[in-house]
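For reference, the chains in residue letters:
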Amino acid sequence: MNNDDYQSLYYEVEEIINQYKLGWIIEQVNNSIHEGKIVSIEDKLAKKNREKTPRIKREDYTDKEKVLLLLEAFETAIVNTLELEQEIGKFLMQDMSDLQLEPRIKFYTEEDEDTHHYFIFNNNQINLRWQEARRLQNLLNDLRREIEE
């Protein structure tokens with residue numbers, strides 16, 4: 001792949017993320033890209049000139065690294081949060097079954113308090129989302145392999 005291919009792929013992945021209304025992922029990645037990466041330059045210095053303080057510098061990400069960074073952020077936001085959801089679900093299902101309460105957590109802002117946006121934790125929903133997340137993870141892994149070739 002060349003730089004144009006990486007840039008095109010980056011924008012395609014951005015579009016997919018935006019379709020799922022997860023623009024905050026793109027914002028975070030773009031902030032990281034803007035800040036650049038920190039690399040050590042100690043290997044490039046002669047041993048006798050080394051000081052105890054590590055020498056580092058800021059470098060821009062390559063187009064390839066930008067795509068990989070976006071893919072990793074997307075995966076982290078989807079797959080890792082589902083792992084957390086799965087653990088919360090297990091906890092709620094165990095503790096709530098004794099009390100005969102419905103395993104439900106409500107998430108809302110102060111402005112949306114009356115809209116009742118909430119997530120219901122039950123094994124069927126968690127397992128379905130988990131299967132979808134695994135499919136997504138497999139697709140992202142395939143894409144990473146293609147990028148690395």
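Reference entry: report on the structure contained in this document. These numbers come from a predicted model, not from an experiment. (Residues numbered from 1 in each chain as written. Predicted model: local features only at pLDDT ≥ 70, side-chain atom pairs only at ≥ 80, totals over all residues. Heavy atoms only, no water.)

### Focus on the overall build of the protein chain
Along the protein chain, the regular secondary structure elements total four helices and four strands. Overall, the protein chain shows an N-to-C arrangement of helices and strands of α-α-β-β-α-β-β-α. Counting across all 149 residues of the protein chain, residues that qualify as buried make up 27%. Counted over contacts in the protein chain with a minimum sequence separation of 6, partners at least 24 positions apart contribute 57%. If you sum the accessible surface of the protein chain, you get close to 11200 Å²; carbon and sulfur atoms cover 49% of it. (Helix = DSSP H or I, 4+ residues; strand = E, 2+ residues; numbered from the N terminus. Buried < 20%, exposed > 50% of the residue type's maximum accessible area, 1.4 Å probe, protein only. Contact = heavy atoms within 4.5 Å. Areas by Shrake-Rupley, 256 points an atom, 1.4 Å probe, with all protein chains shown as cover.)

### With respect to the layout of surface pockets
Roughly 340 Å³ of internal volume is contained in the second largest pocket. In terms of lining, the second largest pocket is formed by 13 residues, of which the most central are Ile16, Tyr20, Phe74, Leu136 and Leu139. Where the lining of the second largest pocket is concerned, the elements lending two or more residues are α1 (3-19), α3 (63-99) and α4 (123-148). Here the lining of the second largest pocket is built from residues that sort into twelve nonpolar, no polar and one charged. (1 Å grid on protein atoms, 1.4 Å probe; cavity = no way out; pocket = protein on both sides within 12 Å on 5 of 7 lines; lining within 4 Å. Points joined across faces, edges and corners; volume = space filled by probe spheres on them. Nonpolar A, V, L, I, M, F, W, Y, C, P; charged D, E, K, R; others polar.)

### Here we look at helix α2 (residues 23-35)
Every α-helical turn comprises 3.6 residues, leaving residues that sit three or four positions apart pointing alike. With 13 residues, α2 should cover 18 Å at 1.5 Å per step; its first-to-last C-alpha distance of 19 Å lies within 8% of that length. Positive backbone phi, at 85 degrees, marks Gly36, one or two positions downstream of α2. (Expected span 1.5 Å × (residues − 1).)

### Observations regarding the nonpolar core
Among the nonpolar cores identified, the biggest contains 19 residues, and Ile17, Ile25, Val67, Leu70 and Ile147 are the most heavily contacted of them. Breaking this core down by element, the ones donating at least two residues are α1, α2, α3 and α4. Top contributing element to this core by residue count: α3, with six residues. Here Val67 is in contact with Tyr6, Leu9, Tyr10 and Ile147, once residues within four sequence places are set aside. (Core = buried A, V, L, I, M, F, W, Y, C linked by side-chain atoms within 4.5 Å.)

### Here we look at unusual backbone geometry
Of note, the phi angle at Lys21 is positive, near 55 degrees, even though the residue is not glycine. Topologically, Lys21 is positioned in the loop between α1 and α2. Residue Lys21 is classed as exposed on the basis of its relative accessible area, which comes to 71%.

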